[in-house]
Structure formats: structure tokens, C-alpha cells
Protein chains: 2
Amino acid sequence: MVTLAEVAQHAGVSASTVSYVLSGKRSISAGTRQRVERSIQELGYHPNAGARALASSRSNIIALMVPLRTDMYVPVMMEIAIAVATTARIHGYDVLLLTGEEGPDAVRRVTGSGLADAMILMDVELDDERLPLLRQSGQPSVLIGLPADTAGLTCVDLDFTATGALCAEHLALLGHRDIAVIGEAPAVYERHTGFAERTLDGLRNRSRELGLRMLHRPCEGGYDVMAVTLARIFDERPGTTGFVVQNESAVAPLLALLRQQGRAVPEDVSVIAICPDQVATQASLRLTSVAIPAQEMGRRAVEHLVAKLDGHGTDEVVLLAPELTVRASTGPVPSAG
Amino acid sequence: MVTLAEVAQHAGVSASTVSYVLSGKRSISAGTRQRVERSIQELGYHPNAGARALASSRSNIIALMVPLRTDMYVPVMMEIAIAVATTARIHGYDVLLLTGEEGPDAVRRVTGSGLADAMILMDVELDDERLPLLRQSGQPSVLIGLPADTAGLTCVDLDFTATGALCAEHLALLGHRDIAVIGEAPAVYERHTGFAERTLDGLRNRSRELGLRMLHRPCEGGYDVMAVTLARIFDERPGTTGFVVQNESAVAPLLALLRQQGRAVPEDVSVIAICPDQVATQASLRLTSVAIPAQEMGRRAVEHLVAKLDGHGTDEVVLLAPELTVRASTGPVPSAG
DNA sequence: ATAGGTTGTCGAAGCGCTTCGACAGGGACT
DNA sequence: AGTCCCTGTCGAAGCGCTTCGACAACCTAT
């Protein structure tokens, strides 16, 4: 293993000079810089991460805590994680993968050991038990998701309240009066995941304002469960003509079932999905949808974190504005009769 | 930040004693151990990761390189990643998340800097460009996937050749003579991903042995693409009665299309999926399938790696035996007429 | 020519830990 | 009683880097 000292000797300069060439923290003459850089090349030098971390108290690592659960749409999580890793590398950071399993302990461990310089938390609950620790640790962090109390925290999320409202508006505008919301799995609501509840709030409030009747049903996804859920919905509200689906694994089943029942989309019923664009465009018909901007969320989270680490960063709640793309699954309400 | 020295002082022992309490590398009297442990508790001490890495040349970090691509079924990747992270923690390791994007450079960087003690590579191609580097670096590593040349490497993978053979056997046994294979996206074959080609080999060879006619069509997944693919298949081989699907995002569309065309499953055609159990059980009918044991692959990979890091580890290719679960999507070939 | 300010380089200290060799003390033997 | 060997503890060195203060060399303005 090649060390700084060896590079220095090879280039005929002192160790500190090599260090300054690497970090750029002091000015170095062009000639010296070139000699050092050549030596680095020739010897194949890579700075030792541990030594660097020890001396500078900076690990250049960002910890990312991903949910262990699989009751939420996994590809979104993965897309966020990859966006985080990619963006982090651009800024010179590596990413440490923590699972939600460890919970608050992981925060303590990472904070205490200096393993990571900062944290990104995904799947934040409204009243998340990791937050008090995070606040008191003073470690720079960004949440992807929105807890109830955001004081002293930086959060990045899609504006799910606005997303819900947007869906209600779109359906109302098309003349629908009775809509049903196919929500996330019950467990998601039970643990008070912010995004699910906020979407619901947005839907409810806007529906009320617009005079829509709205029925909400959590749904675990999968064909059989969806079949039962759908049957119950039409039982209770036979006049339902609009659907908003928030659980991606319920999308395909819903479409299949509607077709099977002879309900044409969008002629008889309209369907809006809240899902990544890929899901919306790969379904059996192109779905009107509000996109979940997974990549952007990951990217923004890292950029905020890096800004904080560089000193110019603020506590802030960033809510991305939802965008509804009209495709082939929504249309005017069928004329009565 | 609390240091070893402070703990030592608080407990009235020397720093090295505290270190030995922590590592267990020398025997410590019960009394001393307890005093030290109490001090650690009281002061809330966490060893500094950088200092530890520097002094011991061990970072206790495993690097995991996940594919950046999204043309393969993402949940499997995620499940593997999470199993890796979880298992690694059990053995005292953390996981560094590397994206495939960086390619061979990431191997060099991680190896050279001592950032990680070992690597796990996912999405290995038959002739992967990262392998020469990995071999020469001498860094302990495990591949999830199977390259063409496994000399000097440890690999963990599902036995996809056997998987293909198993599918052919099952269909042959039910009396099918004409089968179609819905494969992964063309890009997956183009970059010579081992598992896709091996599955195909297994299917082809066993089909030949059993007198099956087999048609293979790569397929990107999604409803529209699947529709075109399916139409071409029945065009070319109208007598097709058996399907093997390897692309998870083609499963739901295939079932929907078959139903739409009035072909009953399993009465008219049989369908086997190669996919995680969750996909097989959540589809519109319970699918006969060969499971992809994502968790087990992740777990085994880590365990092998840890064994290597502990000195008792061998280069070895671990192929997990496929298991076919018969569910409701396969049945005897329809009697002619 | 001289004071004052840059610029580029160096030496040394120190980050917090692991680990090696040393050694005091106490049993179990001769 | 003396030797030997454990067992448990300590001190010190050193891991490879960053960073601070020092300082020589040069440039500019008097």
C-alpha cells in the first residue's frame, strides 16, 4: 500500500505539500503540483480513508437509512437510494446503507462513531422515534418524508397534500361526483406514515370543497385483495365513477378487475394513479397519474445535505409540487342513464 | 466526543486495557471488565471508526455494488441489498452502497483506500470488466451472479441452468409439446448477463432432450410490448400451450392478455414464472413458479465473505438449487380438438 | 535600499485507536 | 524456598493523514 510519505519522497517534496496538492487548501506552484500529480499516478496512490477520517474528523460518508419493510412500493425506495448514491459520489461522498431495522440505535452508533458525516432518513413516520435523537445529536441530516414536527429539521418530499387535492380537482373537473381512493396497505396508516395521511387529507379537504363524495379504502395490493376491496366499494357506492390509486401494486389488479366487470376505462370509470411514471406508462392503458419524483427527491436530499456540510445550509422543508399528467385513463363522467 | 482515554481514566485503568475489554483479544479480570463497561455506559462512549480503521487496517465495512440499470426487476435487487445489510450487521459489518455506474473505478478506489474490507458485486456479466481488477487486487469478494470464468472467485447464485431445465421438465411432464419463453429485455442479453443466458441454456437443452419445441422471445415488459410479443408468438407457433416467463414485469400483462384472448389458464395454456414468491402469489391467479431466493443469496454472500475475512474461507461457487412450486397456472395440455 | 506583504514549502504535532513487548503478582510445581 | 508459567495490566510506538505555525524567497511600494 502506497502512502502519502512515499509519494512525497518520490516527488521530492514534503508530505504536507502532497496533502495540500490533494486538498487544494493552500496554493501550490504549478511545477510542484505537476510533479506530485505525476508521482501519484506512477505509484498508484490512494489516500487511506481511515487515516483521513481520523486526521480531519470527516469521513466523507453519508449514511442512508432505508426502510426494511416491504409493504411499500420498493422500486421507489430503490430509485431514491440510487439517486442518493449517484449524487453523493458527484460531491465526493460515499453512502453507507443502514436498514430501518436498527432504528434509533443506528443513529446513535453512526453519530457516535463518526462513521458518517451526515444522515438521510427515509420512510419517516409522523412521530418518528429517531427524530429526537437526530435533533440532539446535532448531526447534519435530511429526511425524505415529512414528520409532524419539522422544527430544526430539513425535509424533502413530494407535496402529498397538494397531490391529493390535485387528484380531487381533476376528477371534479371531469364531472365526477363519487370517487373512491384505493390507499396503501393498512399497516402504512397504522404506523402513521406521513405521505399516506397527507394524501388523504388533501383528497378529503378538496373533495369536500368541491362537493365530491369520497370513500377511502386501504388496500394491500395483489389481485385477490383488490377484488374484495373493489366489490365492497361498489357495494357501498354503486355510483362511483372515479378512482385514485395510491398503492402501486393495486394498479394492475384494479385495471384487470374493472375490465373483467365490463367497466370501461375511461368511458365508464376514470382512474388516476399516484405512482412513478414507469408504472403509469407500462400498465394495460396509459394512466393519468401524479408522478412520484423519486430521483429528484434523492438528489435534492443529498444536495441539501452537502450544503449543510459545507456550512451554507439551512433547515428547511422542501415540498416538490406535484404534476398531474393526463393520459388515457380519465375522462368526463358518463352521462346518467 | 468521548475517547478511549477518557473511558480509561474514568475507570482507573490504562487505555490499552479498555481496548482489550472492547476487542476481547486478551483476558481481562471480571472486576476490571465490569468497571470499564460501566464507564463506557456512563460516558456514552463509541469508538471512533476512523481511528479504529487506521490502527487496525480494518474498516469493518463491506462494499456492495448494485446495478444502476432499471431494466431488471428491481425488488429482487433491493431484497438482496437489504439481506446483505442485515446479515452484515449481524457480523459486525456496515455496508457501503456503490452504484454500478462507477464500474471498475469503484473497485480500484475502494480497494486502494481501505474504505472497505471486502466487496460484493451484483449483476455480474459473463465477461465482467470488474473481475480482472478484483482478482489482482486480492481483496476478499463475493459475486452474486456467475461469470464465465470463475477461477479464483467466490460466487453465489441461483442455479439458473437447472431452473430452466426444471421449467421444461414440468411442462413436458404435463404433456406440452410447444412452449414459449418470455425472456428478459433484449438489453439484458446484449450485455451477456449470466443468469439470463443460463436459464435459456437450461431450457433449450432440456427441451431438446425431452422433445419440446421451444421459442424464445426477449421482452421488455409492460402491457403494450407484451401484446406485440404474444401476438408474434401465436403467429409463429399457433400450437403453443406452455409459457415460461422470466421477466417479472411481463407477468401481469401476459395473464391479462391471455384472458382477454379467451385463452384460459391453466385449461388452455400453462404459465410458469421465474420470480419471487410474492409476485407469483399476488398475480391474478396463483402462479406455478420457480422462486428467486433473493434473501438467501444476500445472506449467503455475506456469510461467505465474513468467513473469508476471518481466514477460514474458500473460493467456491455456490449454486442454490431451484425449487418449483406448483400453483394454479399450470395443468395438463388440453386434449387436441 | 528597506519595510511590508505575498506565495510556496516544510516540520512537527496530533487525531483515537490497536498491539507489542514488558512485567508484576500469584499458583503450581519441584 | 525457589523456579517456572500463567494471568492481567501497562506504556509506548505507530497506523497515514491533516493542519498549524514558521519561514525563506520573492515582489511591490515607498
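Located above this text is the structure these notes cover.
Below is a short write-up of the structure. (Residues numbered from 1 in each chain as written. Chains lettered and ligands numbered in written order. Predicted model: local features only at pLDDT ≥ 70, side-chain atom pairs only at ≥ 80, totals over all residues. Heavy atoms only, no water.)

## Quick notes on the relation of the copies chain A and chain B
For the pair chain A and chain B, the best superposition has an RMSD of 0.0 Å and corresponds to a rotation of 180 degrees with a translation of 0.0 Å parallel to the axis. The relationship between the two copies is best expressed as a two-fold rotation axis. A high fraction, 100%, of the interface residues of chain A reappear at the interface in chain B, so the copies pair face to face through one surface. (Least-squares fit on C-alpha atoms with pLDDT ≥ 70 in both. Contact = heavy atoms within 4.5 Å.)

## A few points about the layout of surface pockets
Size it by volume and the second largest pocket reaches roughly 1000 Å³. Pro47, Asn48, Ala49, Arg52 and Asn60 of chain B are the residues nearest the centre of the second largest pocket, which is lined by 29 residues in total. Elements that contribute at least two residues to the lining of the second largest pocket include exactly helix H6 (104-113) of chain A together with helix H1 (4-11), helix H2 (15-23) and helix H4 (49-56) of chain B. Tallied by class, residues from the lining of the second largest pocket come to 13 nonpolar, 10 polar and 6 charged. (1 Å grid on protein atoms, 1.4 Å probe; cavity = no way out; pocket = protein on both sides within 12 Å on 5 of 7 lines; lining within 4 Å. Points joined across faces, edges and corners; volume = space filled by probe spheres on them. Helix = DSSP H or I, 4+ residues; strand = E, 2+ residues; numbered from the N terminus. Nonpolar A, V, L, I, M, F, W, Y, C, P; charged D, E, K, R; others polar.)

## Focus on the packing of helix H1 (residues 4-11) of chain A against helix H2 (residues 15-23) of chain A
All names here are of chain A. Two elements in contact, H1 and H2, have axes separated by 8 Å at closest approach and are oriented at 100 degrees. The pairing of H1 with H2 is recorded here as roughly perpendicular in orientation. Across the interface between the two elements, Leu4, Val7 and Ala8 of H1 pack against Ala15, Val18 and Ser19 of H2. Among the residues forming the contact of H1 with H2, the class breakdown is 5 nonpolar, 1 polar and no charged. (Axes fitted to C-alpha atoms, helices over the stretch in contact; angles between N-to-C directions. Parallel < 35°, antiparallel > 145°, perpendicular 65-115°, else oblique.)

## Quick notes on the nonpolar core
Membership of the largest hydrophobic core comes to 108 residues, with the highest contact counts inside it found for Leu64, Ile80 and Ile120 of chain A together with Leu64, Ile80 and Ile120 of chain B. When residues no more than four places from it in sequence are discounted, the contact partners of Ile120 of chain A are Ile62, Ala63, Leu64, Met65, Val84, Val142, Ile144, Ala301, Val302 and Leu305 of chain A. By size, the runner-up hydrophobic cluster in this structure holds 40 residues, among which are Ala63 and Leu146 of chain A together with Met65 and Leu143 of chain B. (Core = buried A, V, L, I, M, F, W, Y, C linked by side-chain atoms within 4.5 Å. Buried < 20%, exposed > 50% of the residue type's maximum accessible area, 1.4 Å probe, protein only.)

## Notes on the sheet that holds strand E3 (residues 118-121) of chain B
Taken together, 12 strands build an open sheet; the order of strands is E11(A)-E5(A)-E4(A)-E3(A)-E1(A)-E2(A)-E2(B)-E1(B)-E3(B)-E4(B)-E5(B)-E11(B) and the sheet is mixed. Every other strand in the sheet has two partners, leaving strand E11 (317-320) of chain A together with strand E11 (317-320) of chain B as the edge strands with one partner each. The average angle at which neighbouring strand axes cross in this sheet is 20 degrees, direction not considered. As judged from the 3 bridges shared by strand E2 (residues 94-99) of chain A and strand E2 (residues 94-99) of chain B, these two strands associate in the antiparallel manner. In the sheet register, Leu97 of chain A faces E2 of chain B, and the bridge partner there is Val95 of chain B. Packing against the sheet, helix H7 (residues 130-137) of chain A makes contact with strand E1 (61-66), strand E3 (118-121) and strand E4 (141-144) of chain A, and its axis sits at approximately 160 degrees to E3 of chain A. Sheet contacts for helix H6 (residues 104-113) of chain B: E2 of chain A together with strand E1 (61-66), E2 and E3 of chain B; angle to E2 of chain B, the most-contacted strand, approximately 150 degrees. (Pairing = 2+ DSSP bridges.)

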